Amino acid sequence: MVNRRQFNALGVAAAGALAFPMIARAKDTSPLRVSWTNTVAVGAQMVHALKNTDIAERNGIKLDLIQLSNSPAISESVVSGASDVGIVSDFGAVTLMAAGAPVVPFAHQCSFRSAVLATKKSGIKTMADLKGKKVFGLFGITAYLNAQEAVRKAGLVVGKDVQFVNIATTELADAVRSQQIDAFFMWDPWVALFEGADMAHVISQDLSPSMLLQASTRTLDKRGDAIKRFLRAQSQALLFAAQNHELTNNWFRSVEPAKNIPIDVIEAASNFDTQWNATKISDIKTALSPESLAAMDKMGVWGVAEKLLPRAPKASELANLELAQAVDKELATMDFDVKSVKVLA
């Protein structure tokens, strides 16, 4: 969780890092520095496809792919100027906008599942069975919002019938393995991992969480052409991954923290994103949807109510929509031959 002082620091740091003028170039040939995390199915396979094929080169873009641990670290990288683009969770993007930093979301990367789960030993079968129970998980993420909504839909009162307990992800995993807790919330591929290991079962799930691309408004203005070439390459990389599951799933699990995740678990988690089974480039959509923008607006209001955010930003007004929409329109009229892609040694 980020406190108010840290929010203010982010905003000030962003203003300082982004205030100095860039040296003008006749042609933008510098690499686009993209920070990402190897923790979310489909999005990870897509990035590995960019790393391990000639797709970026075919689109005339040089990429410096910087792997970081989580969305806060990625946001800090973008704010400080260490990265040009950051791939973060939807609530991560809302968090940075709430800090007042001149960094906005501009494209969709992938969708994934969050869920409320009950451990095997708990005896819990439905959400209604959570009455009088504690639900553990990491606060300040979309899965927390979704878990609270699932509790309310079951006719239970958050804070009265059900208590939520904040816990670090590593500690949560240990508690699930040792069956020390009854219920928790999590996201894929970890949901599928606990299911596959028969440690827990899903009692409620939500398919709305997403990973988004964010960048400073200055980068979007000054490097718009490079951003569009990157978005084109990203869409092609996703189609390549969608038609090469085994190869790209193995790339995903070749890097921590996914090394111990079985292939069948990665595949199960990936299938919750409809684009994982795309057959043509026009199936891939990178533009932020009205539903995604409305969801982020809702997250802002929820974040303030939960005292996670100092203010509720209007993502629907702040987001840059034009670049991704232009790429989607272009790709809708084009073909892309996945078999022509060269896998690098």
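Before reading further, recall that the structure is shown in the block above.
Residues numbered from 1 in each chain as written. Predicted model: local features only at pLDDT ≥ 70, side-chain atom pairs only at ≥ 80, totals over all residues. Heavy atoms only, no water.

## Quick notes on the overall build of the protein chain
Defined as follows: Helix numbers and strand numbers start at the N terminus; a helix is a DSSP run of H or I with at least 4 residues, a strand a run of E with at least 2. Each radius of gyration is computed over the set of C-alpha atoms, and the globule rule expresses the reference value as 2.2 Å times the number of residues to the power 0.38. Burial here depends on accessible area, computed with a 1.4 Å probe over protein chains only, as a share of the maximum for the residue type. Under 20% is buried, over 50% is exposed, and the range in between is partly exposed. The contact criterion used throughout is that any non-hydrogen atoms of two residues lie within 4.5 Å. Surface accessibility follows the Shrake-Rupley procedure with a 1.4 Å probe radius. Residue values consider only the protein chains on display as shielding. Counted as positive: Lys and Arg. Counted as negative: Asp and Glu. His and the chain ends are not counted at all. To locate a charge, take NZ of a lysine, CZ of an arginine, CG of an aspartate or CD of a glutamate.
The helix and strand inventory of the protein chain stands at 15 helices and ten strands. Since a compact globule built from 345 residues should have a radius of gyration of about 20 Å, the 20 Å found for the protein chain is in line with a globular shape. Expressed as lengths along the three principal axes of its C-alpha atoms, the size of the protein chain is roughly 65 × 45 × 30 Å. Counting all 345 residues of the protein chain, 54% fall into the buried class. The contacts of the protein chain with a sequence gap of at least 6 include a subset with a gap of at least 24, amounting to 82%. Summed over all atoms, the accessible surface of the protein chain reaches about 15200 Å², with 53% contributed by carbon and sulfur. Side chains of the protein chain carry 36 positive and 34 negative charges; the gap between the two charge centres is 4 Å.

## A few points about the sheet that holds strand β10 (residues 210-216)
Condition: Two strands pair if DSSP finds at least two bridges between them. Helix axes are fitted to C-alpha atoms over the stretch in contact, other axes to C-alpha atoms as well, and angles between N-to-C directions run from 0 to 180 degrees.
Spatial strand order, β2-β1-β3-β10-β4: five strands in an open sheet with mixed pairing. At either margin of the open sheet sits one strand with a lone partner, and together these are β2 (63-67) and β4 (103-111). Ignoring strand direction, the axes of neighbouring strands in this sheet form an average angle of 25°. The pairing of strand β3 (residues 85-89) with β10 spans five bridges and is antiparallel. Along β10, the bridge assignment pairs V85 with A215. The strands that helix α4 (residues 71-80) touches are β1 (32-36), β3, β4 and β10; relative to β3, the one it contacts most, it runs at about 155°. Relative to the sheet, helix α5 (residues 90-98) contacts β3, β4 and β10, its axis offset from that of β3 by approximately 115°.

## Things to note about the packing of aromatic side chains
As a reminder, the rule being used: The aromatic pairing rule takes the rings of Phe, Tyr and Trp, using the six-membered ring of Trp, and pairs them if the centres are within 6.5 Å, calling planes under 30 degrees apart stacked, those over 60 edge-to-face and the rest tilted.
On inspection of all chains with the given rule, the structure shows eight aromatic pairs. Taking the centre distance of 4.1 Å and the plane angle of 5° together, the rings of F139 and Y144 count as stacked. The exposure classification of F139 matches that of Y144, with both residues buried. Arranged with centres 5.5 Å apart and planes meeting at 70°, the rings of Y144 and W302 form a pair that is edge-to-face. With Y144 in helix α6 (residues 142-153) and W302 in helix α13 (residues 290-305), this residue pair connects regions lying 158 residues apart in the sequence. Of the residues examined, Y144 reaches a relative accessible area of 4% and is grouped as buried. Three or more aromatic residues joined by ring pairs make a cluster, and in this case those are F91, F139, Y144, F164, F185 and W302.

## Comments concerning the side chain of T142
Among the structural elements, T142 can be located in helix α6. With relative accessibility at 5%, the residue T142 sits in the buried group. Ignoring any residue separated from it by four or fewer positions in sequence, one finds T142 in contact with D90, F91, P209 and M299.

## A look at the pattern of salt bridges
Condition: What counts as a salt bridge is simple: a side-chain nitrogen of Lys or Arg found within 4 Å of a carboxyl oxygen of Asp or Glu.
Applying the stated criterion to the full structure yields 14 salt bridges. A salt bridge links K120 to D198; its shortest N-O distance comes to 2.9 Å. Of the two residues, K120 is situated in the loop between β5 (114-119) and β6 (133-137) and D198 in the loop between α8 (190-196) and β9 (200-206); the sequence distance between them amounts to 78 residues. For K120, a relative accessible area of 56% puts it in the exposed group. A salt bridge links K298 to E149, with the nearest nitrogen and oxygen atoms 2.5 Å apart. Of the two residues, K298 sits in helix α13 while E149 sits in helix α6, which places them 149 residues apart along the sequence.

## Overview of the environment of S282
When you line up the elements, S282 lands in the loop between α12 (263-270) and α13. Among the residues examined, S282 registers a relative accessible area of 22% and is labelled partly exposed. For the pair S282 and A269, spaced 13 residues apart in sequence, the C-alpha to C-alpha distance is 23 Å. With near-sequence residues (within four places) excluded, S282 lies in contact with L331 and A332.

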